[in-house]
Amino acid sequence: MSAVSDRLPTFPWDKLEPYKKTAAAHPDGIVDLSVGTPVDPVPEPIQKALIAAADSPGYPTVWGTPELRDAITRWVEHRLGAREVTHRHVLPVVGSKELVAWLPTQLGLGPGDKVAYPRLAYPTYEVGARLARADHVSYDDPTELDPAGLKLLWLNSPSNPTGRVLSKEELTRIVAWAREHGVLVFSDECYIELGWEADPVSVLHPDVNGGSYDGIVSVHSLSKRSNLAGYRAAFLAGDPAVLGPLLEIRKHGGMMTSAPTQAAVVAALGDDEHVRVQRERYAARRTVLREALLAHGFRIEHSEASLYLWATRDESCWDTVAHLAGLGILVAPGDFYGPAGAQFIRVALTATDPQIQAAANRLTAT
């Protein structure tokens, strides 16, 4: 047991505990902008779909109901511009983090194989490589990597933590390079519905992939777009030659989305209105926080999409975390996402409107 846990880095969020205590001691309470966990209600139609499916005594299937697969294929074509998507092109998963952490293992990667991910990135990409005992490497431009032994290339657009969006031209170039070198591309697009100053594009778009899904898979989550983080609902779409074996492995492992959750996802993917409403909430919160951070002397980089503001005062991220904790505001230090983030913080938009306003008031009053 310890041999597995010993491969992993220290769980980063544990390091924030002292700062959380400081922020919680503020006379007016803590405003927690560290973890991007949704705080707004699950939309009522989705709740109703979950409740209606509550009497589900039998085992669900890993591949999901035909209704779920229909909903995913329709959404992928309607929202992402993909074409000729069939049930073989989609696979439900139990939240995207589970997929990211266990994908290298399920792909059969191991010592001598390389997994690549962005220089500033969600830490679970590295964790997945470590669990599989594969090598891992970060990049600024993936086409500058040595392709020898590179088996899995993670893209993340819009990015967590920076909010950077890869253009259609960049994605097209990267996909062509990966195909030339036989590298499998997984594109984490969980924030694709949350573009503010850019319009994110999927690797599934024919302008990017030339009408072929060979060697590419996109990852999507309902956690942020539909406030379903507590439901653990996500899915993959792309190359059937990749998804077919993954389905078989996951069937053996019992990695199945609960039947009520599957019904909720069908409702969520069939309704655009609740996504529009939630986008408007986040857009308003983003404006309030952005202006307050700039007024407080921060510089904001990228952040053209996603649920975060990537900000700096050109000092150690931990000094900034401590400073804001003194104001009762908790944020994530940039080095959680790689050494390149050592002077940045990630500020989440996932707090209620009154909490966001309270944070802004504290920032502009000092």
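None of these values were measured; they are calculated from a predicted model. (Residues numbered from 1 in each chain as written. Predicted model: local features only at pLDDT ≥ 70, side-chain atom pairs only at ≥ 80, totals over all residues. Heavy atoms only, no water.)

Caption draft 1: Fine view of the overall build of the chain. When helices and strands are counted, the chain shows 13 helices and 13 strands. Against the globule reference of 21 Å for 366 residues, the chain gives a C-alpha radius of gyration of 20 Å, in line with a compact fold. For the chain, the C-alpha atoms occupy an extent of roughly 55 × 50 × 45 Å along the three principal directions. Every one of the 366 residues in the chain was classed for burial, and the buried ones make up 54%. Here the analysis covers contacts within the chain between residues at least 6 apart in sequence; of these, 75% occur between residues at least 24 apart. (Helix = DSSP H or I, 4+ residues; strand = E, 2+ residues; numbered from the N terminus. Rg over C-alpha atoms; globule rule 2.2 N^0.38 Å. Buried < 20%, exposed > 50% of the residue type's maximum accessible area, 1.4 Å probe, protein only. Contact = heavy atoms within 4.5 Å.)

Caption draft 2: Structural detail: the pattern of salt bridges. Scanning the model with the defined rule gives 19 salt bridges in all. The partner of Lys48 in a salt bridge is Glu44, with the nearest N and O atoms 3.3 Å apart. Here Lys48 and its partner Glu44 are both found in helix 3 (residues 44-52), four residues apart, which amounts to about one turn of the helix. Side by side, Lys48 and Glu44 carry an identical accessibility label, which is exposed. As a salt-bridge pair, Asp314 and Arg299 come within 2.9 Å of each other at their nearest N and O atoms. Note that Asp314 is positioned in the loop between strand 10 (308-312) and helix 12 (317-326) and Arg299 in strand 9 (residues 299-301), a separation of 15 residues in sequence. Overall, the relative accessible area of 36% leaves Arg299 in the partly exposed class. Residues joined in a network through salt bridges with shared partners are Asp40, Arg285 and Asp353. (Salt bridge = Lys/Arg side-chain N within 4 Å of Asp/Glu carboxyl O.)

Caption draft 3: Local environment of the nonpolar core. Ranked by size, the top nonpolar core spans 66 residues in total, and within it Leu33, Trp154, Phe186 and Leu236 carry the most contacts. Setting aside its immediate chain neighbours within four residues, Leu236 contacts His89, Val90, Leu91, Val93, Leu99, Phe186, Val217, Ser218, Val219, Leu243 and Leu246. (Core = buried A, V, L, I, M, F, W, Y, C linked by side-chain atoms within 4.5 Å.)

Caption draft 4: Summary view of the side chain of Asn156. With respect to the helices and strands, Asn156 occurs in strand 5 (residues 150-156). On the basis of relative accessible area, Asn156 is assigned to the buried category, the value being 7%. A distance of 3.1 Å separates the side chain of Asn156 from the backbone oxygen of Pro158, its partner in a polar contact. A distance of 2.9 Å separates the side chain of Asn156 from the backbone nitrogen of Asn160, its partner in a polar contact. Not counting residues within four places of it along the chain, the set of residues in contact with Asn156 comprises Pro118, Tyr125, Arg164 and Asp188. (Polar contact = N/O pair within 3.5 Å; in protein donor to acceptor, adjacent residues only side chain to side chain.)

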